[in-house]
Amino acid sequence: DMLLKSEIPILEDDNYGTLYEKLKIEGAKLIVKTLDDLKLNLLKPQKQGEDFTIAPMIFKEDCEIDFNKSAKEINDLVRGVNPVPGAFAKIDDNIYKIWKTKVILEEEFKNNFIDSENEILNDYYSGKIIPGTVLISSDKKGLYVLAGKDIISILEIQGPNAKKMSINDYLRGKEIKVGSLFKK
C-alpha cells in the first residue's frame with residue numbers, strides 16, 4: 001500500500017544521475033507532506049497496483065554498447081547508466097567510456113553531411129558499411145557512429161587513460177579515425 005505519490009517529468013537530457021537528484025528532492029518533500037497529513041489523519045492507504053517493473057541488476061557487461069541496436073536504444077543505455085556504472089565501447093583494445101550521446105535520424109544526417117571527399121560516407125550512402133563504423137570524426141563536427149538504425153552522435157567521451165570531456169575537446173588532442181569500428 002501507499003499513502004501518497006508524486007510524478008516528475010523525465011526530460012530528454014536527463015540521465016540516471018540527474019533523475020536521482022530530482023527524485024531525492026521530490027522524495028524529501030513527499031515524506032514531509034506524508035508525515036504532516038498523517039498527523040491530521042488525512043491519508044487513506046491505496047493499493048499500488050500491478051503496473052510496475054522491477055529493474056534487473058546491472059552488470060558491467062550490460063553497459064557495453066552494441067551498435068547493432070538502434071541509436072535510440074544506445075542513447076537510452078548511455079542515459080540510464082550515467083554516472084554509474086557508465087556505458088562503454090571498444091575500438092580494438094581501447095575502451096572508451098561514453099557519457100553523453102544524441103540520436104541523429106538518418107534523414108537529418110543525410111541532409112547535413114554530404115562530403116564526396118569522405119569515402120566512408122560514400123560507402124554509408126551506398127549501404128556498404130556496418131553498424132559501429134565511425135562516419136565522421138572531427139574536432140569541429142564531432143563524432144558520428146552508424147547504429148543499427150539511425151546515427152549516434154557521441155557528445156561526451158572518456159578515452160583510455162583520459163578524463164571525461166566533450167567530444168570536440170577530446171578530438172583536438174586524440175584521434176578516432178573515420179572508418180574505425182566500435183565492436184562489442
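Residues numbered from 1 in each chain as written. Predicted model: local features only at pLDDT ≥ 70, side-chain atom pairs only at ≥ 80, totals over all residues. Heavy atoms only, no water.

Participant: Outline the environment of K33, supporting the account with residue identities and numerical values.
Facilitator: Here K33 shows up in helix α1 (residues 16-39). In this structure the C-alpha to C-alpha distance between K33 and D93, which are 60 residues apart in sequence, comes to 52 Å. (Helix = DSSP H or I, 4+ residues; strand = E, 2+ residues; numbered from the N terminus.)

Participant: Give me the layout of surface pockets: which residues, what numbers.
Facilitator: Once rolled over the atoms, a probe with the size of a water molecule shows which space is left empty. What the largest pocket holds in volume is close to 360 Å³. Along the walls of the largest pocket sit 20 residues, with E12, D13, R79, K100 and T101 positioned nearest its centre. When grouped by side-chain class, the residues that make up the lining of the largest pocket number five nonpolar, six polar and nine charged. If you add up the space inside the second largest pocket, you get close to 180 Å³. In terms of lining residues, the second largest pocket is bounded by E7, I8, I10, L19 and L23. Its residues placed into classes, the lining of the second largest pocket shows four nonpolar, no polar and one charged. (1 Å grid on protein atoms, 1.4 Å probe; cavity = no way out; pocket = protein on both sides within 12 Å on 5 of 7 lines; lining within 4 Å. Points joined across faces, edges and corners; volume = space filled by probe spheres on them. Nonpolar A, V, L, I, M, F, W, Y, C, P; charged D, E, K, R; others polar.)

Participant: Please set out the side chain of S70 residue by residue, giving values where relevant.
Facilitator: With respect to the helices and strands, S70 occurs in the loop between α1 and α2 (71-80). Look past the residues within four positions of S70 in its chain and what remains in contact with it is A147 and K149. (Contact = heavy atoms within 4.5 Å.)

Participant: Go over the pairing of strand β2 (residues 94-104), please, and point to the residues and values.
Facilitator: Pairing analysis gives five bridges linking strand β1 (residues 87-91) to β2, with the strands arranged antiparallel. Within β2, the position partnered with A87 by the bridge is I98. From the end of β1 to the start of β2, which pair antiparallel, there are two residues, and D92 there has a positive phi angle of about 55 degrees. With seven bridges joining them, β2 and strand β5 (residues 151-158) adopt antiparallel strand pairing. (Pairing = 2+ DSSP bridges.)

Participant: Talk me through the packing of aromatic side chains; I want residue IDs and the actual numbers.
Facilitator: All told, the structure shown has nine aromatic pairs when counted by the stated rule. With centroids separated by 4.9 Å and ring planes inclined at 35 degrees, the aromatic side chains of F109 and F113 adopt a geometry described as tilted. Of the two residues, F109 and F113, both sit in the buried class. Ring geometry for F109 versus Y144: centroids 5.9 Å apart, planes at 50 degrees, classification tilted. In this pair, F109 sits in helix α3 (residues 106-112) while Y144 sits in strand β4 (residues 142-146), placing the two residues 35 residues apart along the sequence. Across the pair, Y144 and F109 agree in class, each one buried. The structure contains a cluster of three or more aromatic residues connected by ring pairs, namely F109, F113, Y124, Y125 and Y144. Of note, K60 hangs over the ring of F88, and the distance from its end group to the ring centre comes to 5.9 Å. (Phe/Tyr/Trp six-rings, centres within 6.5 Å; stacked < 30°, edge-to-face > 60°. Buried < 20%, exposed > 50% of the residue type's maximum accessible area, 1.4 Å probe, protein only. Lys NZ or Arg CZ within 6 Å of the ring centre and 35° of its normal.)

Participant: Report on a nonpolar patch on the surface, specifying residues and quantitative values.
Facilitator: Among the surface-exposed residues, Y16, Y20 and V84 lie close enough to one another that they form a single nonpolar patch of about 310 Å² accessible area. Position of Y16 relative to the elements: it lies in helix α1. What makes Y16 partly exposed here is its relative accessible area of 38%. (Patch = residues over 30% accessible without salt bridge, like charges linked within 9 Å, V, L, I, M, F, W, Y side chains within 5 Å. Areas by Shrake-Rupley, 256 points an atom, 1.4 Å probe, with all protein chains shown as cover. Salt bridge = Lys/Arg side-chain N within 4 Å of Asp/Glu carboxyl O.)

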